[in-house]
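# Analysis of the macromolecular model
Residues per chain, in single letters:
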Amino acid sequence: MSKPMHQVRVAAISKDLPGIISIDVDGDLLDADGGRTAAPHSSRLEPRRCVDDHVKIVLPGPDGQAGADSPEASRPSGSGTSPLLRTYTRRRYDPATGAWGIDVFVFPHGGPGSSWAAGLAVGDVVTVRGPGGHWQLPADPGTVLMVGDPVAQPAIANALEALPQGARAIVLLEEGPHRYPLPERPGAEIQMVPSSPGGSALVEAVRRVPTPAGPWWAFVHGQADMVRPLRRHLRVDRGLPKDHMNLSAYWISGRDAEAWRAMKSDFNRQMIADSGD
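Residues numbered from 1 in each chain as written. Predicted model: local features only at pLDDT ≥ 70, side-chain atom pairs only at ≥ 80, totals over all residues. Heavy atoms only, no water.

## Notes on the pairing of strand S4 (residues 85-89)
Basically, it comes down to this: For each residue, the accessible area found with a 1.4 Å probe, counting protein chains only, is set against the maximum for its type, and the residue is called buried under 20%, exposed over 50%, and partly exposed in between. Secondary structure is summarised from DSSP: a helix means a run of H or I of at least four residues, a strand means a run of E of at least two, and numbering begins at the N terminus for each. Pairing between strands is defined by DSSP: at least two bridges between them are needed.
The buried fraction of S4 is high, at four of five residues. The sheet contact formed by strand S3 (residues 54-58) and S4 spans five bridges and is antiparallel. Its bridge partner lying in S4, Ile 57 is registered against Arg 86.

Written out as structure tokens, the structure reads:
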């Protein structure tokens, strides 16, 4: 079932990080007329509780409106075309006010998401679906293997923030055009891996990592051609229990976000079957 949709107002925009647009919104949800909803405690998105917390932004159509996916039309419609959705990690969250923020990576080839972010102004209203996410780290995970491609860096940053004191993290990140700040953790070892087609170098780097002694977990986010073989490797070759890992394929080479969304369910079923689950 789709998450409900809401409207929020942009509070701040920053371009301090090269190639990254940071967008922060007010915590209060808006009503149909663009004003704040009446009940303060029920008028905010759910708090950021999960390591894989994220929201989907409903990009405006040619008329500048969110169209069929406005909060008043959150039920499926057979008449309109599907809206453009882009998924972003909620990188910042203020529990006192409910305010939250995302970081949009701008790539040379452009795209609907980066074009939307570049044209945004403080005070603009944004339609958002979510939040989504469910994965939690235990209080004493032992070691957490974190693997991500360049677009997964905000999610890796959240995972590092959630790392319990005394736990160890082995972080493998594929190099990309953006230098994204990652939280410093005493038990974290970060290795940058050269970019390669399909993330093949990242897959091989994971294969070379010795299996941790004691309990361990895995957090793997990024392109589908990297996530799929790593799930099989972790389950079949390493014997990692499936409830000890969180994997998310964000995109696939040669397909835009809408085409990927249409095939993602089948992809996930095939990926799970590859691992014998």
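The discussion continues.
## Some remarks on the sheet that holds strand S1 (residues 5-14)
Read from one edge to the other, the open sheet built from seven strands follows the order S4-S3-S7-S1-S2-S6-S5, with strand pairing classed as antiparallel. The sheet is open, and its two edges are formed by S4 and strand S5 (92-93), each paired on a single side.

## Looking at the side chain of Asn 158
Inclusion rule: Residue contacts follow a heavy-atom distance rule, with two residues in contact if any of their heavy atoms lie within 4.5 Å.
When you line up the elements, Asn 158 lands in helix H2 (residues 153-161). Given the relative accessible area of 5%, Asn 158 is considered buried. Not counting residues within four places of it along the chain, the set of residues in contact with Asn 158 comprises Arg 48, Val 51, Thr 89, Arg 90 and Arg 91.

## A closer look at empty space enclosed by the protein
The cut-off we apply is this: For cavity detection a 1 Å grid was placed over the protein atoms alone, and a set of points counts as a cavity when a 1.4 Å probe fits there but cannot get out; an open set counts as a pocket when protein lies on both sides within 12 Å along at least five of seven lines, with lining residues being those that have an atom within 4 Å of a point. Grid points are joined across faces, edges and corners, and a volume is the space filled by probe spheres set on the points.
Overall, the coordinates contain one cavity of 30 Å³ or more when judged by the stated rule. As a volume, the largest cavity reaches approximately 40 Å³. Around the largest cavity sit Leu 145, Ile 170, Val 206, Val 209, Pro 210, Pro 212, Trp 216, Leu 234 and Arg 238, which together line it.

## A look at the pattern of salt bridges
The line we're drawing: By definition, a salt bridge exists where a carboxyl oxygen of Asp or Glu is found within 4 Å of a side-chain nitrogen of Lys or Arg.
Under the defined criterion, the tally for this structure stands at 15 salt bridges. The salt bridge involving Asp 103 is made with Arg 92; its shortest N-O contact spans 3.1 Å. Taken together, the residues span a long stretch of sequence, with Asp 103 in strand S6 (residues 100-105) and Arg 92 in strand S5 at a distance of eleven residues. We classify Arg 92 as partly exposed; its relative accessible area is 27%. Connected via shared salt-bridge partners are Asp 24, Arg 92 and Asp 103.

## A closer look at the sheet that holds strand S11 (residues 216-223)
The following threshold applies: To define axes, lines are fitted to C-alpha atoms, for helices over the stretch in contact only, and angles between the resulting N-to-C directions are given on a 0 to 180 degree scale.
What the five strands build is an open sheet, ordered S10-S9-S8-S11-S12; its pairing is parallel. Across the chains shown, the open sheet's two edge strands, defined by having one partner strand only, are strand S10 (188-193) and strand S12 (245-251). Here the strands of the sheet are splayed against their neighbours by 10° on average, with no regard to which way each runs. As judged from the six bridges shared by strand S8 (residues 143-148) and strand S9 (residues 168-174), these two strands associate in the parallel manner. Within S9, the residue paired with Val 147 across the bridge is Leu 172.

## Regarding the packing of helix H4 (residues 224-237) against helix H5 (residues 257-274)
When two helices pack together, their arrangement is given by the angle between the helix axes and by the axis-to-axis distance. The following threshold applies: Angle categories: roughly parallel below 35 degrees, roughly antiparallel above 145, roughly perpendicular from 65 to 115, and oblique for all the rest. Each crossing is labelled by how the near helix is turned from the far one, with a counterclockwise turn of less than a right angle marking it left-handed and a clockwise turn marking it right-handed. Asp, Glu, Lys and Arg are counted as charged, while Ala, Val, Leu, Ile, Met, Phe, Trp, Tyr, Cys and Pro are counted as nonpolar; the rest, among them Gly, fall into the polar class.
Where H4 meets H5, the closest approach of the two axes is 9 Å, and the angle between their N-to-C directions is 20°. With respect to their mutual orientation, H4 and H5 come out roughly parallel. Remark: the crossing between H4 and H5 carries right-handed chirality. Between H4 and H5, the contacting residues are Ala 224, Val 227, Arg 228, Arg 231 and Arg 232 on the first element and Trp 260, Phe 267, Gln 270, Met 271, Ile 272 and Asp 274 on the second. Here the contact of H4 with H5 is composed, by residue class, of six nonpolar, one polar and four charged.

## As for unusual backbone geometry
Backbone torsion omega between Gly 130 and Pro 131 reads 5°, so that peptide bond is classified as cis. Within the secondary structure, Pro 131 sits in strand S7 (residues 125-132).

## Topic: helix H3 (residues 200-208)
Basically, it comes down to this: Relevant arc is that of directions from the helix axis to the C-beta atoms, nothing else.
Buried within H3 we find Leu 202, Val 203, Ala 205 and Val 206. The arc enclosing the buried residues of H3, seen along the axis, measures out at 160°, which places them on a common side. Buried residues in H3 make contact with S8, S9, S10 and H4.

## Considering the packing of aromatic side chains
Here is the rule: In this analysis, rings of Phe, Tyr and Trp, with Trp reduced to its six-membered ring, are considered paired at centre separations within 6.5 Å, and the interplanar angle assigns stacked below 30 degrees, edge-to-face beyond 60, and tilted for intermediate values.
Summed over all chains, the structure comprises six aromatic pairs. When the centroid spacing of 6.5 Å and the interplanar angle of 45° are considered together, the rings of Phe 105 and Phe 107 count as tilted. Its relative accessible area of 10% is what places Phe 105 among the buried residues. On the numbers, 5.2 Å between centres and 70° between planes, the contact of Trp 260 with Phe 267 is edge-to-face. Put simply, the rings of Phe 105, Phe 107 and Tyr 180 pair up and form one aromatic cluster.

## Brief notes about the packing of H3 against H4
Direction vectors running N to C along H3 and H4 enclose 15°, while the axes themselves pass 9 Å from each other. Judged on the interaxial angle alone, H4 and H3 are roughly parallel. Two packed elements cross with a definite hand, and for H3 against H4 that hand is right-handed. Contacts between H3 and H4 involve Leu 202, Val 203, Val 206 and Arg 207 from the first element and Met 226, Pro 229, Leu 230, His 233 and Asp 237 from the second. The residue makeup of the contact of H3 with H4, split by class, is six nonpolar, one polar and two charged.

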